[in-house]
Amino acid sequence: MINLLPRYLFNFIILVLVQVLLLNNLQFSGYLNPYLYVLFIITLPFSTPKWMLVALGFTTGIIVDIFMNTLGLHAAATVFMAFVRPFILSSFSPRDGYEMGTRPIPADYGFGWFFKYSVLMVAIHHLFLFFVEAFSFENFLSTLWKSILSSIVSVVFIFIAMLFSKRKSGTI
Amino acid sequence: MRNFIRFIIRNHFFLLFLFFEIVSFYFIFNYNEYHRNIYLSSSNKVSGFLFERFSSVIQYFELKQTNEELSKKNAELRNLLDNKTYYAGRTIDLVIDTISGRHYRYRSARVINNSVNKHFNYITLNKGMKDGISRDMGVISSRGLVGVVLNTSENYSTAISLLNTRLKISARLRKTGFFGSLNWEGGSYRHATLSGIPAHAAPSVGDAVVSSGYSSIFPEDILIGTIDEINIDQGEGFYDIKVLLSVDFKKLQYVQVVEKKEAEEQRELEKTSEND
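The model shown is predicted, which means the values in this text are computed figures rather than measured ones.

Engineer: I would appreciate a short explanation of the UniProt feature "transmembrane region" (unreviewed entry) in chain A in the present structure.
Structural biologist: As annotated in UniProt, the feature "transmembrane region" (unreviewed entry) corresponds to residues 6–23, 109–132 and 144–164 of chain A in the numbering used here. Helix makes up 100% of residues 109–132 of chain A and strand 0%, whereas the separation of the span's terminal C-alpha atoms amounts to 33 Å.

Structure, rendered in structure tokens:
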């Protein structure tokens with residue numbers, strides 16, 4: 001756990017920087033915006049204490065919010081995602097549970113497992129984010145559509161990021 | 001106490017989650033313009049409902065203040081008009097002043113229905129056609145300008161409130177004489193926006209804003225409010241002035257309906273000029 005700390009700190013800084021400096025300036029057809037920073041919460045070790053999960057979720061969200069001028073919005077969505085993470089992990093766990101010392105990354109549990117897990121996490125985050133952003137169910141279908149499209153783009157970016165990390169012997 | 005601590009420890013994950021969500025939503029509602037508007041408008045709905053429920057009670061408590069205001073205004077009017085007036089039952093008639101050629105007739109009325117929380121607010125008065133009230137007469141209270149009569153029935157009339165985004169009033173700065181257009185833009189029921197004051201007018205906070213007297217509805221120099229905030233619109237060279245309304249529309253009870261006797265004549269003349 002201790003030796004993972006500098007690595008995750010590095011991940012955190014890189015992911016937030018990539019998010020606020022690169023991805024936030026990308027415009028896909030006006031409103032599609034990939035939110036890669038959720039990868040930080042997704043790949044935290046299994047042994048991360050639960051209180052730390054939500055605290056890190058809040059910190060990550062608030063930092064992204066500060067750069068995006070949407071104070072509270074991303075924090076709320078990321079805290080919610082961090083809150084549901086233990087439930088999702090336990091429902092996706094292998095028959096004999098997760099092994100000690102492993103992390104929820106494709107290198108440890110395969111691409112198929114990681115794909116299911118990350119898609120669900122990203123979808124939960126994006127649905128929460130876009131519905132709080134709209135704050136009404138008036139344009140329900142268009143908001144739903146927006147979150148689905150954005151989720152797909154985010155997952156694509158997450159997999160691109162995972163490919164990068166593999167070459168550097170699993171930074172993420 | 002020990003049970004309470006045990007409860008917190010057992011549910012620390014969920015409680016911490018709740019805590020962070022509450023903090024996040026607090027931020028959302030306080031720092032995002034769009035979300036704040038949603039929050040405010042829904043809370044206005046709640047307060048509007050409560051206010052309607054308790055309005056009769058509130059009115060009772062305000063009787064003292066209303067009476068004081070009325071007697072003050074009475075004295076003021078008496079001083080102003082002195083022996084030019086005679087009292088004719090429910091209305092006060094001004095003796096026709098042939099020198100200035102401007103005269104108005106005032107009729108007192110009571111507000112029986114009023115709102116401040118909608119986009120288009122209207123006021124219902126307890127006097128109608130029977131009492132000589134007709135469309136396009138001005139409504140003022142002892143504190144200032146209130147609205148314009150819109151429809152009349154036998155015994156009642158409705159007036160479009162100053163707190164109605166459809167009403168535009170020609171207003172003037174009392175000190176400097178520059179005039180512009182006053183319009184309520186929704187939101188706070190204490191503030192309206194005065195636009196069209198040119199950049200060289202140099203208004204200052206606290207200046208009185210009064211009716212211009214150009215319209216055929218209101219007499220000149222009826223107080224509307226005082227300047228609360230001044231913003232200059234960079235591109236256009238006009239000020240965007242926030243006016244604190246002198247009338248508290250939530251406390252509105254007694255009003256006067258103003259009839260300009262030559263309104264018809266003025267309107268017709270203006271119409272022919274427009275058509276030329």
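Engineer: Please clarify how the environment of B:Leu145 should be interpreted in this entry.
Structural biologist: Residue and element names in this part refer to chain B. Along the chain, Leu145 turns up in strand E6 (residues 144–152). For the pair formed by Leu145 and Ile224, sequence separation is 79 residues and the distance between their alpha carbons is 5.3 Å. Each residue touching Leu145, except ones within four places of it in the same chain, is listed here: Val139, Ile140, Leu162, Ile169, Ser211, Phe218, Ile222, Leu223, Ile224, Val247 and Phe249.

Engineer: Would you mind showing me how to read the interface of chain B and chain A here?
Structural biologist: Buried accessible area, meaning the area lost when the parts come together, often serves as the stated size of an interface. Counting residues at the interface gives 18 residues for chain B, matched by 24 residues for chain A. A buried area of about 1,700 Å², summed over both sides, lies between chain B and chain A, and 81% of it is on carbon and sulfur atoms. When residues of chain B are sorted by the area they lose upon contact with chain A, B:Phe13, B:Phe17 and B:Phe20 head the list and together hold 35% of the total. Taken together, the connections running from chain B to chain A amount to 0 salt bridges. The interface formed by chain B and chain A includes 3 residue pairs in polar contact (both at pLDDT 80 or more). For the side of chain B that touches chain A, the secondary-structure elements that each account for two or more residues are helix H2 (12–31) and helix H3 (33–61) of chain B. When the residues that make up the side of chain B that touches chain A are grouped by side-chain class, the tally is 13 nonpolar, 4 polar and 1 charged.

Engineer: Explain the confidence of the model for chain A to me, please; I cannot follow it from the model alone.
Structural biologist: It should be kept in mind that the predicted coordinates are not to be read in detail where pLDDT is low. Residues and elements named next belong to chain A. In the predicted model, chain A carries a mean pLDDT of 85, and the fraction of residues at 70 or more is 91%. Of all helices and strands in chain A, the one with the weakest mean pLDDT is helix H6 (residues 140–167) (84), whereas helix H4 (residues 73–91) scores best (93). Contacts of residues 167–172 to residues separated by more than four positions or lying in other chains number 15 contacts, the stretch itself having pLDDT below 50.

Engineer: Explain helix H1 (residues 4–22) of chain A here, please?
Structural biologist: Note that an α-helix has 3.6 residues per turn; residues three or four places apart therefore point the same way. All names here are of chain A. With 19 residues, H1 extends 26 Å from end C-alpha to end C-alpha; this agrees with the ideal 27 Å at 1.5 Å per step. When H1 is considered as a whole, its buried residues turn out to be Leu4, Tyr8, Asn11, Phe12, Leu15, Val16, Gln19 and Val20. For H1, the buried positions fall inside an angular range of 135° around the axis, keeping them on one side. The outward face of H1, more than 90 degrees from its buried face, is lined by the exposed residues Pro6, Leu9, Leu21 and Leu22. On its buried face, H1 sits against helix H2 (38–42) and helix H3 (50–68).

Engineer: So what exactly am I meant to see when it comes to empty space enclosed by the protein here?
Structural biologist: Take a probe with the size of a water molecule and roll it over the atoms, and the empty space left behind shows itself. Residue and element names in this part refer to chain B. Per the counting criterion, the structure on display carries 1 cavity of 30 Å³ or more. The space that makes up the largest cavity amounts to roughly 220 Å³. If you go around the largest cavity, you meet 15 residues; those closest to its centre are Glu69, Arg143, Lys251, Leu252 and Gln253. Elements represented by at least two residues in the lining of the largest cavity include exactly helix H4 (63–81) and strand E14 (254–260). Among the elements that make up the lining of the largest cavity, the one with the highest residue count is H4 (4 residues). Its residues assigned to classes, the lining of the largest cavity shows 4 nonpolar, 6 polar and 5 charged.

Engineer: In this structure, what is going on with the environment of A:Ile63? I would like to understand it.
Structural biologist: Residue and element names in this part refer to chain A. By secondary structure assignment, the location of Ile63 is in helix H3. Overall, Ile63 belongs to the partly exposed group, its relative accessible area being 24%. In this structure, the C-alpha to C-alpha distance between Ile63 and Val16, residues 47 residues apart in sequence, is 7.9 Å. Leaving out residues up to four positions away in the same chain, Ile63 has contacts with Phe12 and Val16.

Definitions and limits used
- As a convention, each chain's residues are numbered from 1 in the sequence order in which they are written.
- The lettering of chains begins at A and the numbering of ligands begins at 1, in the order of writing.
- Totals for whole chains, interfaces and linings use every residue, but because this is a predicted model, local features are given only for residues with pLDDT of at least 70 and side-chain atom pairs only at 80 or more, for both listing and counting.
- Side-chain metrics rest on all non-hydrogen atoms present in the structure, leaving aside hydrogens and water.
- UniProt positions are given in the numbering used here, feature names are shortened, and annotations may be inferred rather than shown by experiment.
- Where helices and strands are cited, they refer to DSSP runs of H or I of at least four residues and of E of at least two residues respectively, numbered from the N terminus.
- By definition, residues are in contact when any of their heavy atoms lie within 4.5 Å.
- By buried area we mean how much accessible surface two parts lose on assembly, using a 1.4 Å probe and totalling the loss over both.
- Any Lys or Arg side-chain nitrogen found within 4 Å of a carboxyl oxygen on Asp or Glu counts as a salt bridge.
- In the analysis that follows, any N or O atom pair within 3.5 Å is treated as a polar contact, provided that within protein one partner can donate a hydrogen and the other can accept it, and provided that, for residues neighboring in sequence, both atoms belong to side chains.
- All amino acids are sorted into three groups, where Ala, Val, Leu, Ile, Met, Phe, Trp, Tyr, Cys and Pro are nonpolar, Asp, Glu, Lys and Arg are charged, and the leftover types, Gly among them, are polar.
- Confidence of the predictor at the level of single residues is given by pLDDT, which spans 0 to 100.
- Multiplying 1.5 Å by the residue count of a helix minus one yields the expected span of that helix.
- Relative accessible area decides the class of each residue, using a 1.4 Å probe on protein chains only: under 20% of the type maximum gives buried, over 50% gives exposed, and in between gives partly exposed.
- Of all possible arcs, the one meant is that of the directions from the helix axis to the C-beta atoms.
- With a 1 Å grid laid over protein atoms only, a set of points is called a cavity when a 1.4 Å probe fits there but cannot get out and a pocket when it is open yet has protein on both sides within 12 Å along at least five of seven lines; lining residues have an atom within 4 Å of a point.
- Grid points are joined across faces, edges and corners, and a volume is the space filled by probe spheres set on the points.

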